Amino acid sequence: MNLTRLSTLEPRWNSLIETVAAMITLAPEYVVLQTYSPKGQELDAYVQTLLEEDGALTLEASSDTYFPGLINPDSLNTLHELGWEDPSEFGLPNYNIFLQSDEVKPGEVAAFLVLTLRDVYGITPSHQFECAPQELFIQIVHGEFGKAPGLRFSPIDLSQLRENLG
């Protein structure tokens, strides 16, 4: 996980980073951050974490497996520069990074995931975001675990979205 670009994240990303960091800290097994076009009509990309039994963390970023044409040569170069490993034919279908438990720092991981969305997939703060587990996301956004991170929760009508994509 190459963290050298983290300083390039503008302050407008802070509320999302804080929210994802809290999710990583509090989620018992996984965190998924999905992005939708600014109008909420189409899923653009996602990143996710999976907590291993020993406290290690597997990070994943969208690949062409589910979104054909998503990764162009520039995106692929950026993924590799950031330290993402290619999907494996016999393993994970997405780009991935494995962190040992002593390397897991939720704030850095959250910022890294947001950086990946920005630099690889072209996601901007005007996109819509959805986090899972959703109940935990709502609790964090509403400040139930301390200071609210300042991210607004506006649920996306997933049934309508799926119908539109259908």
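Residues numbered from 1 in each chain as written. Predicted model: local features only at pLDDT ≥ 70, side-chain atom pairs only at ≥ 80, totals over all residues. Heavy atoms only, no water.

### What to know about the side chain of Ser 62
Working step 1: By the secondary structure assignment, Ser 62 is in the loop between strand 3 (57-61) and helix 2 (73-82).
Working step 2: On the basis of relative accessible area, Ser 62 is assigned to the buried category, the value being 0%.
Working step 3: Ignoring sequence-local partners within four residues, the contact set of Ser 62 consists of Ala 45, Tyr 46, Phe 67, Leu 70, Ile 71, Asn 94, Tyr 95 and Tyr 121. (Helix = DSSP H or I, 4+ residues; strand = E, 2+ residues; numbered from the N terminus. Buried < 20%, exposed > 50% of the residue type's maximum accessible area, 1.4 Å probe, protein only. Contact = heavy atoms within 4.5 Å.)

### Brief notes about the pairing of strand 4 (residues 95-99)
Working step 1: Counting buried residues in strand 4 gives four out of five residues, a clear majority hidden from the surface.
Working step 2: Note: strand 3 against strand 4, five bridges, orientation antiparallel. By the bridge assignment, Leu 57 is partnered in strand 4 with Leu 99. (Pairing = 2+ DSSP bridges.)

### Quick word on unusual backbone geometry
Working step 1: Looking along the chain, the bond that leaves Ala 132 and enters Pro 133 is cis, with omega of 0°.
Working step 2: Within the element layout of this structure, Pro 133 appears in the loop between strand 5 (128-132) and helix 4 (134-141).

### Quick look at helix 2
Working step 1: Of the positions making up helix 2, those classed as buried are Ser 75, Thr 78, Leu 79 and Leu 82. When helix 2 is viewed along its axis, its buried side chains cluster within an angular range of 105° and face the same direction.
Working step 2: Here the buried face of helix 2 lies against strand 4 and helix 3 (106-121).
Working step 3: Of the residues flanking the start of helix 2, the one acting as N-cap is Asn 72, its side-chain oxygen 3.0 Å from the backbone nitrogen of Asp 74. (Arc of directions from axis to C-beta. Polar contact = N/O pair within 3.5 Å; in protein donor to acceptor, adjacent residues only side chain to side chain.)

### Here we look at the packing of helix 1 (residues 14-26) against helix 3
Working step 1: Helix 3 packs onto helix 1 with a crossing angle of 125° between their chain directions and a minimal axis gap of 8 Å. Classed by the angle they form, the pair helix 1 and helix 3 counts as oblique. The handedness of the crossing between helix 1 and helix 3 is right-handed. On helix 3, the residues that touch Leu 16, Ile 17, Val 20, Ala 21, Ile 24 and Thr 25 of helix 1 are Pro 106, Gly 107, Val 109, Ala 110, Ala 111, Leu 113 and Val 114.
Working step 2: For the contact of helix 1 with helix 3, the residue count by class is eleven nonpolar, two polar and no charged. (Axes fitted to C-alpha atoms, helices over the stretch in contact; angles between N-to-C directions. Parallel < 35°, antiparallel > 145°, perpendicular 65-115°, else oblique. Left-handed = near helix turned anticlockwise from the far one by under 90°. Nonpolar A, V, L, I, M, F, W, Y, C, P; charged D, E, K, R; others polar.)

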